[in-house]
Amino acid sequence: MKQERKSKESIYDAIYDIVRSVPKGRVTSYGAVAAAIGAASGARVVGYAMNTCAGVKPKVPAHRVVNRNGMLTGKHHFSPPEKMQQLLEKEGVKVKNDIVVDFDNLFWDPMIELAI
């Protein structure tokens, strides 16, 4: 159990480090972060990590992580749910009907940007 917890914490730390690298005004996807840590089919693990990052120091900008189509699928984990969109819009990211407008141009791929 202790090793499992340490492993989970190590994965979450890696995820948090990548998400902290996403610049303001840009977004990435759960799958892109998963691929960057070597877990190509680990998008759900990234989602779990984003759900548990409240209170993590330094802060993790979980609002910059969306699904592969640019949808704010994690918004229900913010309080209130509108906060995810508000945080993105404060950074200049437009959102319409819970989807990032111009997603392809705002997408930040950690594999490219961090040369992983």
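Note that this is a predicted model, so its numbers are computed, not measured.

Hey, could you go over unusual backbone geometry for me, with residue numbers and the actual values?
Note the cis peptide between Lys 57 and Pro 58, where omega equals -10°. Examined against the element boundaries, Pro 58 turns out to sit in the loop between helix 3 (43-51) and strand 2 (65-66). A cis geometry characterises the amide bond from Ser 79 onward to Pro 80, with omega recorded as -5°. Among the structural elements, Pro 80 can be located in the loop between strand 2 and helix 4 (83-90). In this model, Asp 98 sits at a positive phi of 65°, which is unusual for a non-glycine residue. Considering the arrangement of structural elements, one finds Asp 98 in the loop between strand 3 (95-96) and strand 4 (99-100). Phi is positive for Asp 102, close to 65°, though the residue is something other than glycine. Taking relative accessible area as the criterion, Asp 102 reaches 45% and is therefore assigned partly exposed.

Describe in detail the pattern of salt bridges, supporting the description with residues and values.
By the definition in use, this model includes three salt bridges. A salt bridge links Asp 17 to Arg 20, with the shortest nitrogen-to-oxygen separation between them at 3.1 Å. Note that Asp 17 and Arg 20 are positioned in helix 1 (residues 2-21) at a spacing of three residues, about one turn of the helix. For Arg 20, a relative accessible area of 25% puts it in the partly exposed group. Between Lys 75 and Asp 98 there is a salt bridge, with the nearest N and O atoms lying 2.8 Å from each other. On the criterion of sequence distance, the pair formed by Lys 75 in the loop between strand 2 and helix 4 and Asp 98 in the loop between strand 3 and strand 4 is long-range, its members being 23 residues apart.

Definitions and limits used
Residues numbered from 1 in each chain as written. Predicted model: local features only at pLDDT ≥ 70, side-chain atom pairs only at ≥ 80, totals over all residues. Heavy atoms only, no water. Helix = DSSP H or I, 4+ residues; strand = E, 2+ residues; numbered from the N terminus. Buried < 20%, exposed > 50% of the residue type's maximum accessible area, 1.4 Å probe, protein only. Salt bridge = Lys/Arg side-chain N within 4 Å of Asp/Glu carboxyl O.

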